[in-house]
Amino acid sequence: MAEVKKMPLTTKVLIGMGLGIAVGLFINLLGLNSAGSFVNEYVVNGLFFIVGKMFVTGLTMLVVPLVFFSLVTGVLGIGDINALGKVGGKSFALYMLTTAVAIAIGISVAVVSGIGEGANMASAAAFSAAQAPALSAVLIDIIPSNVVNAMALGKMLQIIFFAILVGISILMVGKKAEPLARLIEISNEIMMKMVNIVMAVAPYAVFALLGKAIADLGLNLLLDLGGYVGVLIFALLLHLFVTLMIVLKVFSGMSPFVFLKKMREVQIFAFSTSSSNATIPVTLRAVVNKLGVNNSVASFTVPFGATINMDGTAIMQGVATVFVANIYGVDLGITGYLTVILMSVLASIGTAGVPGVGLIMLSMVFTQVGLPIEGIGLILGVDRLLDMIRTAVNVSGDAVVSVVVANSEGKFDAAVYNNPDAGVLTTDSLEIDEEAELEIAQVVKETHDTKD
Ligand code: ASP
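Anyway, here's the lowdown on the structure attached to this text. Position numbers for residues count from 1 along each chain, tracking the sequence in the order it is written. Owing to the predicted nature of the model, reporting of local features is limited to residues with pLDDT of at least 70; listing and counting of side-chain atom pairs is limited to 80 or more, with chain, interface and lining totals taken over all residues. Excluded from the side-chain calculations are hydrogens and water; all other atoms, namely the structure's heavy atoms, are used.

## Some remarks on the overall build of the protein chain
A tally of regular secondary structure across the protein chain gives 21 helices and 0 strands. In summary, the protein chain has a C-alpha radius of gyration of 23 Å against a globular reference of 22 Å for 452 residues, a match within 12%. Taken over the C-alpha atoms alone, the protein chain extends approximately 80 × 50 × 40 Å along its principal axes. Between buried and exposed lies partly exposed: a residue is buried under 20% and exposed over 50% of the maximum accessible area for its type, with that area taken using a 1.4 Å probe on protein chains only. Out of the 452 residues in the protein chain, the part that is buried amounts to 52%. Note that accessible areas follow from Shrake-Rupley with a 1.4 Å probe, and for residues the cover is restricted to the protein chains shown. Within the structure as shown, the protein chain displays about 20,100 Å² of accessible surface, and the carbon and sulfur contribution to it stands at 67%. Looking at charge distribution, the protein chain has the averaged site of its 23 positive side-chain charges lying 4 Å from that of its 30 negative ones. Helix and strand definitions follow DSSP, with helices as H or I runs of at least four residues and strands as E runs of at least two, each counted in order from the N terminus. For this measure, only C-alpha atoms enter the radius of gyration; the expected value for a globule follows 2.2 Å times N^0.38, where N is the number of residues. For the purpose of counting charges, residues Lys and Arg are taken to be positive, whereas Asp and Glu are taken to be negative. His and the chain ends are not included. Note on charges: their place is set at NZ of Lys, CZ of Arg, CG of Asp or CD of Glu.

Okay, here's the thing in structure tokens:
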């Protein structure tokens, strides 16, 4: 029994993932998922849906308070305000650069493979275009006109902006603000504990999320669009295992193998939820506790990356653009491709990492280069699966940049990075320390008694 209890969470999550995929495939291949059937009503859209949705909502619930408290704590702990500016500048530059490289990879792989050439496919579904937000609007929108509103709507850039301001102001007030600084630090610790609690149910939730996703997947469609799917997955893996790992190795000197092993859990979360945003608590936890990035850097780079850095999404946009252009026989030429790169990089800023947002951004790109929006209808059906994979690449990019920036700022602990046991979560991590419990009860009792 003790053995089972000590099993690391990652192992359990991996088991949940494997079983979820197997059960999903079983349901899908046997056609048990037909509309109105028992399995469809009560298992896939009943149990799986409810468990999965509750979990993702639970993670999302943590995002705003966690980002706020950890970022204020981070600003307080950074020691020197100029360093904050450097962290911001470096991470922004790296995020934009890796996104641009990602989309260039997407375009190149797609062009070389020639996907979609000579194909004649009818548009499968209607898709309406979204307007690209003007850069001026994106910039103005960084400042919240109402903080409560920004938090209620989970507007990440606005929350980041406000949290940094709060941190700086606390530093400016100085000694008098010490109690608040402590309170925020403790709140941050409490939020991190809450992450552990929510993560404890992850194995079951991941099972449910994947069971439903795979059961719902149109496998036929996947085969029909095999070229597109194959090329896209190849480009995504190329970026994850080659580009990002080169960036990691060259700029931080750290081992890509250790990185990939420690990031497995985060990638599974991203894969199952298709949302970099909902994954923020897990990414932040891993980047700090497993990869050794100081919270003063990670609390900024992780939520910032989840919002503006989407390498996987950019790759999808590159591949999809070439695919659709080939199908419609449109020659984009080098200017067209450069516009695509620029547009995608711009579109990724200020677009939060939530499921399916990549397609909305793609419609902006298509409008810009004059490709028919209906083209998106062609790939709509397979996007669910691809969204899962690209989200895993997105969060990996955020973590790589966090390590590189922290390392360059001297806010990185290589001993933690290289320690295989660092940050590993087991069910033991959830136990309440009896002594601490008694202490808290005593404090509460004393406060109560003095009131009487
Ligand atoms: N789901 C992706 C993310 O959250 C965004 C996308 O490509 O749709 O990072």
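Additional details are given in the paragraphs that follow.
## Things to note about the packing of aromatic side chains
Each aromatic ring pair is described using two quantities: the centre-to-centre distance and the angle formed by the ring planes. Side-chain rings of Phe, Tyr and Trp (the six-membered ring for Trp) are treated as a pair once their centres are within 6.5 Å; stacked means planes under 30 degrees apart, edge-to-face means over 60, and tilted covers the remaining angles. All told, the structure shown has 10 aromatic pairs when counted by the stated rule. Seen in terms of ring centroids, phenylalanine 48 and phenylalanine 207 are 5.5 Å apart; in terms of plane orientation they differ by 80 degrees. Their pairing is edge-to-face. Taken together, the positions of phenylalanine 48 in helix α3 (residues 38-77) and phenylalanine 207 in helix α9 (residues 202-216) put the pair 159 residues apart, joining distant regions of the chain. On the basis of relative accessible area, phenylalanine 48 is assigned to the buried category, the value being 6%. Here phenylalanine 207 falls in the partly exposed class, since its relative accessible area comes to 23%. A ring pair is formed by phenylalanine 412 and tyrosine 417, whose centres lie 5.8 Å apart and whose planes are at 65 degrees; its orientation type is edge-to-face. Just as phenylalanine 412 is buried, tyrosine 417 falls in that class too.

## Considerations on unusual backbone geometry
Even without being glycine, serine 274 reaches a positive phi, approximately 55 degrees. Mapped onto the fold, serine 274 is located in the loop between α12 (256-273) and α13 (276-290).

## Quick word on the site of the ligand
Only heavy atoms are used to decide nearness, and a residue is near a molecule or strand if one of them lies within 4 Å of it. Ser276, Thr313, Gly358, Asp387 and Arg390 are the nearest of the 14 residues found near the ligand. A 3.5 Å cut-off defines polar contacts: any pair of N or O atoms within that distance qualifies, except that in protein one atom must be a possible hydrogen donor and the other a possible acceptor, and neighbouring residues in sequence count only when both atoms are side-chain atoms. Between the ligand and serine 276 there is a distance of 2.4 Å, counted from an oxygen atom to a side-chain nitrogen or oxygen. Take arginine 390: an N or O atom from its side chain is 2.5 Å from an oxygen atom of the ligand. When the ligand sits alone it has 270 Å² of accessible area, and the protein chains cover 100% of it. Here the ligand is seated within the largest cavity. Cavity and pocket criteria rest on a 1 Å grid covering protein atoms alone: a 1.4 Å probe that fits but cannot get out defines a cavity, protein on both sides within 12 Å along at least 5 of 7 lines defines an open pocket, and an atom within 4 Å of a point defines a lining residue. Cavities and pockets are treated as containing a molecule whenever more than half of the molecule's atoms lie within 2 Å of their grid points.

## Side note on helix α15 (residues 311-327)
With 17 residues, α15 extends 24 Å from end C-alpha to end C-alpha; this agrees with the ideal 24 Å at 1.5 Å per step. Most of α15 is tucked away: 17 of the 17 residues are buried. Looking one or two residues beyond α15, the residue adopting positive phi is glycine 329, at roughly 65 degrees. Here a helix's expected span is defined as the number of its residues, less one, multiplied by 1.5 Å.

## Digging into the nonpolar core
Only buried residues count toward a nonpolar core. Its members are Ala, Val, Leu, Ile, Met, Phe, Trp, Tyr and Cys residues joined through side-chain atoms within 4.5 Å. Ranked by size, the top nonpolar core spans 140 residues in total, and within it Tyr228, Phe259 and Val319 carry the most contacts. Ranked by residue count, the leading element in this core is helix α19 (residues 383-408), at 14 residues. Setting aside chain neighbours within four positions, we find tyrosine 228 in contact with Ile115, Met316, Val319, Ala320, Phe323, Ile379, Val382 and Leu386. Core analysis: the second largest hydrophobic core is formed by 6 residues, Ile27, Val44, Phe48 and Ala215 among them. Contacts are residue-level and defined by heavy atoms, with any inter-residue pair within 4.5 Å sufficient.

## Some thoughts on α19
With 26 residues, α19 ought to run about 38 Å at 1.5 Å a step, and its terminal C-alpha atoms sit 37 Å apart, in line with that. Taken across its 26 residues, α19 has 23 buried, putting it largely inside the fold. The positive-phi residue at the C-terminal boundary of α19 is glycine 410, with phi of around 70 degrees.

## Describing the environment of alanine 110
Mapping alanine 110 onto the fold places it in helix α4 (residues 81-113). Among the residues examined, alanine 110 registers a relative accessible area of 0% and is labelled buried. Spatially, the C-alpha atom of alanine 110 lies 5.3 Å from that of valine 319, the residues being 209 residues apart in sequence.

## So, a nonpolar patch on the surface
Together, Met61, Ile186, Ile190, Met194, Ile197 and Leu430 make up a nonpolar patch on the protein surface, roughly 530 Å² of accessible area in all. Tracing the backbone through its elements, the reader meets methionine 61 in helix α3. Taking relative accessible area as the criterion, methionine 61 reaches 52% and is therefore assigned exposed. Patches in this entry comprise residues that are over 30% relatively accessible and not in a salt bridge; like charges within 9 Å are linked, as are nonpolar side chains (Val, Leu, Ile, Met, Phe, Trp, Tyr) within 5 Å. By salt bridge we mean one thing: a side-chain nitrogen of Lys or Arg within 4 Å of a carboxyl oxygen of Asp or Glu.

## Concerning the side chain of glutamine 317
Looking at the secondary structure, you find glutamine 317 in helix α15. Taking relative accessible area as the criterion, glutamine 317 reaches 1% and is therefore assigned buried. Apart from the residues lying within four places of it in its own chain, the contact partners of glutamine 317 are Ile103, Ser344, Gly358, Met361, Leu362 and Val365.

## Notes on empty space enclosed by the protein
Grid points are joined across faces, edges and corners, and a volume is the space filled by probe spheres set on the points. This structure, assessed with the given rule, holds 1 cavity of 30 Å³ or more. Volume-wise, the largest cavity comes out at about 60 Å³. Along the wall of the largest cavity there are 13 residues; nearest its centre are Thr313, Val354, Val357, Thr391 and Asn394. Looking at the lining of the largest cavity, the elements that each hand over two or more residues are α17 (357-369) and α19. Considering every element that reaches the lining of the largest cavity, the biggest residue donor is α19, with 4 residues. Each residue is assigned to one class: nonpolar for Ala, Val, Leu, Ile, Met, Phe, Trp, Tyr, Cys and Pro, charged for Asp, Glu, Lys and Arg, and polar for all the others, Gly among them. Among the residues making up the lining of the largest cavity, the classes are represented as 3 nonpolar, 8 polar and 2 charged.

Without other data, these values stay purely geometric and don't point to any function.
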